[in-house]
Amino acid sequence: MKLIGVKTPTHAGVHLAVLDRESNKLHVLASVQEFWADPYGALTDGSSPNEAPLDMEDVEVVPPVLPDARVICIGLNYRAHAAEGTYKNEALPPHPTLFARWTQSLSVGGRPAPVPSNEDGLDWEGEIAAYVGQTLIDADAETARSAVLGYSVFNDLTSRRAQKLTSQWILGKNGDASGPLGPLVTANEVGDLRDGLRVQTRVNGIVVQDGNCRDMIYELGETLSHISHTFTLRPGDIICTGTPEGVGYARNPQWLLQPGDTVEVEIDKLGVLTTPIVGNETRHTAGNAS
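Residues numbered from 1 in each chain as written. Predicted model: local features only at pLDDT ≥ 70, side-chain atom pairs only at ≥ 80, totals over all residues. Heavy atoms only, no water.

1. A short note on the sheet that holds strand S18 (residues 271-278)
Within a beta sheet, neighbouring strands are joined by backbone hydrogen bonds and run either parallel or antiparallel to one another. Formally: Strands were regarded as paired on the criterion that DSSP finds at least two bridges between them. Under the DSSP-based scheme used, a helix requires at least four consecutive residues in state H or I and a strand at least two consecutive residues in state E, with every element numbered from the N terminus.
Across the sheet, five strands lie side by side as S9-S18-S17-S14-S15; this open sheet has mixed pairing. The sheet is open, and its two borders are formed by strand S9 (113-114) and strand S15 (206-212), each paired with just one other strand. Across five bridges, the pairing between strand S14 (residues 198-203) and strand S17 (residues 262-267) is antiparallel. Looking across to S17, one finds that Arg202 is bridged to Glu264.

Here it is in structure tokens:
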């Protein structure tokens, strides 16, 4: 099942809707708050919605995310990516490097991402985002793994200058509209990430990343378990699982996204996420595009 967040003329606030792949029409399930209060129940109860379907052009697509969800990102989670950057000549750390995004930085496919005025460009990081579907407290890896409701394509667009000012990465990882998400595809359609999904990123049609999530250093279930021993994970929280090698800042010469560029991330079973890159002036004319 494929789910997207929507705003419609007839529903107050953000709702989750099922996207019918054949008709490309939407069936509204529940408000984002109602859905994440009981996501498995909402999927079961909403499997035969009574409302008339909506056309895509009649809605505004938005992230299917609670405003107070935690968005936790894993840094340097593919072996070749770690080797092209910070840990090129060092042993890998025993625990994942985690950093946070705010939900205000999230966006959706087709929404432009602006290059901040003090950056040379934006860097691409195609990856898989996983949505927690059950409360996790002190969970073991298998329990945590089975609590994943579904996955989206994600692009962790990064302001590298801001990221590298200090050892804390949050500033460089929270630019306006810098976290586009694709539709949520339920886990029963995707399977276990340990079996592998191809992750490919293209800039203006040129392949810049081509990896597979089998190469992850820190497996998703183990990482969720690790987090749950410190703070409670709740339905709607998101974990972004890291990116393969091929990022722009590690190239020689460096290659970063500029206004006019288009970046696409394609992941097996999850689809293609497209983001146009625009200039910083859009932040002043349109505000935060997320």
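Don't stop here, the text continues.
2. A word on the pairing of S17
Worth spelling out the cut-off: Exposure classes here rest on a 1.4 Å probe applied to the protein chains alone. A residue is buried below 20% of its type maximum, exposed above 50%, and partly exposed in between.
Only one face of S17 is covered, namely the one carrying Val263, Val265 and Ile267; the face carrying Thr262, Glu264 and Glu266 has none of its residues buried. The pairing of S17 with S18 spans six bridges and is classified as antiparallel. Bridged to Ile267 within S18 is Gly271. Between S17 and S18, which pair antiparallel one after the other, the connecting turn spans three residues, and Lys269 there sits at a positive phi close to 70°.

3. Considerations on the pairing of strand S3 (residues 25-31)
Residues in a regular strand project their side chains so that they alternate between the two faces of the sheet. Across the seven residues that make up S3, a large majority, five, are buried. As paired strands, strand S2 (residues 11-19) and S3 are joined by five bridges and run antiparallel to one another. Directly across from Leu19, in S3, lies its bridge partner Leu26. Counted between consecutive antiparallel strands, the loop separating S2 from S3 contains five residues, among which Asn24 sits at a positive phi close to 60°.

4. Some points on the nonpolar core
Rules: What we call a nonpolar core is a set of buried Ala, Val, Leu, Ile, Met, Phe, Trp, Tyr and Cys residues that are connected through their side-chain atoms within 4.5 Å. Boundaries between domains were set according to an automatic or database domain assignment.
In this structure, Phe35, Trp36, Ile128, Tyr151, Leu193 and Leu224 are the most contacted members of the largest nonpolar core, which totals 60 residues. No fewer than three residues from each of domain 1 (2-62) and domain 2 (71-285) sit in this core. Judged by nonpolar contacts, the second largest core, of 10 residues, contains Ala113, Val115, Val203 and Leu257.

5. Comments concerning the environment of Leu98
We count it as follows: Between two residues, a contact is recorded if the distance between any of their heavy atoms is within 4.5 Å.
In this structure, Leu98 sits in strand S7 (residues 97-101). Assessed through its relative accessible area of 34%, Leu98 is described here as partly exposed. Leaving out residues up to four positions away in the same chain, Leu98 has contacts with Ile72, Cys73, Ile74, Thr223, His226 and Ile227.

6. Some points on the pattern of salt bridges
What counts here: Within this document, salt bridges are pairs made up of a side-chain nitrogen of Lys or Arg and a carboxyl oxygen of Asp or Glu, the two lying within 4 Å of each other.
Taken as a whole and judged by the stated rule, the model has 16 salt bridges. With a shortest N-O distance of 2.7 Å, Glu125 and Arg160 are connected by a salt bridge. Of this pair, Glu125 sits in the loop between S9 and strand S10 (126-132) while Arg160 sits in helix H5 (residues 160-163), placing them 35 residues apart in sequence. A relative accessible area of 6% places Glu125 in the buried class. Of the charged contacts in the structure, one is a salt bridge between Glu125 and Lys173, with a shortest N-O distance of 3.2 Å. Linking Glu125 in the loop between S9 and S10 with Lys173 in the loop between H5 and strand S12 (179-181), this pair joins segments that are 48 residues apart in sequence.

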